Amino acid sequence: MKNHRTSILIVDDHEVVRNGIRSYLERIADFNVLGEGSSGEEALNMVAEMIPDIVLLDLMMPGMDGIETTRRIRQISPRTKVVVLTSYHEDVHIFPALKAGAISYILKDMKMDKLVEVLHRAVQGEVTLHPRVASRVLQNIRGEGTEQPLFTELTDRETDVLKLIANGLTNSQIAEKLVISENTVKGHVSNILSKLHLADRTQAAVYAWQQGIVNRQSTTK
C-alpha cells in the first residue's frame, strides 16, 4: 500500500515566488504539488476542483485578499489546511488571518527546509507561527501591544467614521451625524477596511476598541 502524498496548492501573485517554491517542494517525495494560483478567486476554483490537503497562500494579492480567501477555502473544503506565507507581520494581518482559519502563519524569510517542516506539521493539524508572529500573538494576549498602529494612516474623517462604526452606528446614522451622504460614508468605510487590511465592519469595530480609538467614556459623549 502506497503512502499518502500530501497534496499542495501554491497561491501567490508573484510567478517567481510560486515557481521557486514549487521546484523545491517537488523534490520532496511525500509532497504532490497539484498546481499554482495567482489570485484568491483562482484559488477558490482550484480548491473546489482538487480539494488539496494544504493551500500555501500569500496574504496580499490583487482582488480578493488572503484573509477572505482563507475564509472561503475553509467553507469550500474544511479538511484543507491553509498555511499563510507572507511578508507582513503586523497585528492587522496576523489576527484576521488566524481568525479566518489559517492553521499556520509564516514569513517569506523562512528557509525552504523550515517551510517543509511547517507543511508536514500542518497536514497533521499542528499550528506553526513564525517567531515574530508568535511574539505578536503573545504580546496581544498579555496586552503589550507596542507597534505603531495603522490607524494613523487614516484621515481625520475616516477616523471619525471608524469611531462611529465601533459605537454601532449604521451607514445612514453615520451620514446623518456627520452631515454627509450615505454614499460618501460607504466610500469612507471601504477606504478604512482597505487601509487597515480588514475584512468587514465587525473587524473594524474590534480593531478600534483594541487600539483605543474608542473607549467606554467616548461612547457616552
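All of these numbers come straight from a predicted model, not from anything done at the bench. Throughout, residues of each chain are indexed from 1 in the direction in which the sequence is written. Given that this is a predicted model, residues contribute local features only at a pLDDT of at least 70 and side-chain atom pairs are listed and counted only at 80 or more, while totals for whole chains, interfaces and linings are drawn from all residues. Calculated side-chain values reflect all of the structure's heavy atoms, with hydrogen atoms and water omitted.

Visitor: Residues and numbers for the pattern of salt bridges, please.
Guide: Salt bridge criterion: a side-chain nitrogen from Lys or Arg within 4 Å of a carboxyl oxygen from Asp or Glu. As enumerated under the stated definition, the model contains 11 salt bridges in all. Asp160 is the salt-bridge partner of Arg157, the closest N and O atoms lying 4.0 Å from each other. With Arg157 and Asp160 both in helix H7 (residues 156-166) and three residues apart, this pair spans about one turn of that helix. A simple rule labels every residue: compare its accessible area, found with a 1.4 Å probe on the protein chains alone, to the largest value its type can have, and call it buried under 20%, exposed over 50%, or partly exposed in between. A relative accessible area of 33% means that Arg157 is categorised as partly exposed. If you follow the salt bridges from partner to partner, you end up with Arg18, Arg22, Glu26 and Glu36 in one network. Only runs of H or I of at least four residues qualify as helices and only runs of E of at least two qualify as strands under DSSP, and these elements are numbered from the N terminus.

Visitor: So what's going on with the pairing of strand E5 (residues 104-107)? Which residues, and what values?
Guide: Neither face of E5 is open: one carries Ser104 and Ile106, the other Tyr105 and Leu107, and all of them are buried. In this structure, strand E4 (residues 81-86) lies alongside E5, joined through four bridges in parallel fashion. Among the inter-strand pairings, Val83 is bridged to a residue of E5, identified as Ser104. Handedness of a crossover is defined as follows: with both strands directed away from the viewer, a clockwise route from the first strand across the helix to the second makes it right-handed. In the classification by handedness, the crossover that spans E4, the intervening helix H4 (residues 91-100) and the parallel E5 is right-handed. For two strands to count as paired, DSSP must find a minimum of two bridges between them. Note that E5 and strand E6 (residues 128-129) share two bridges and pair parallel. Note that in E6 the partner of Tyr105 across the bridge is Leu129.

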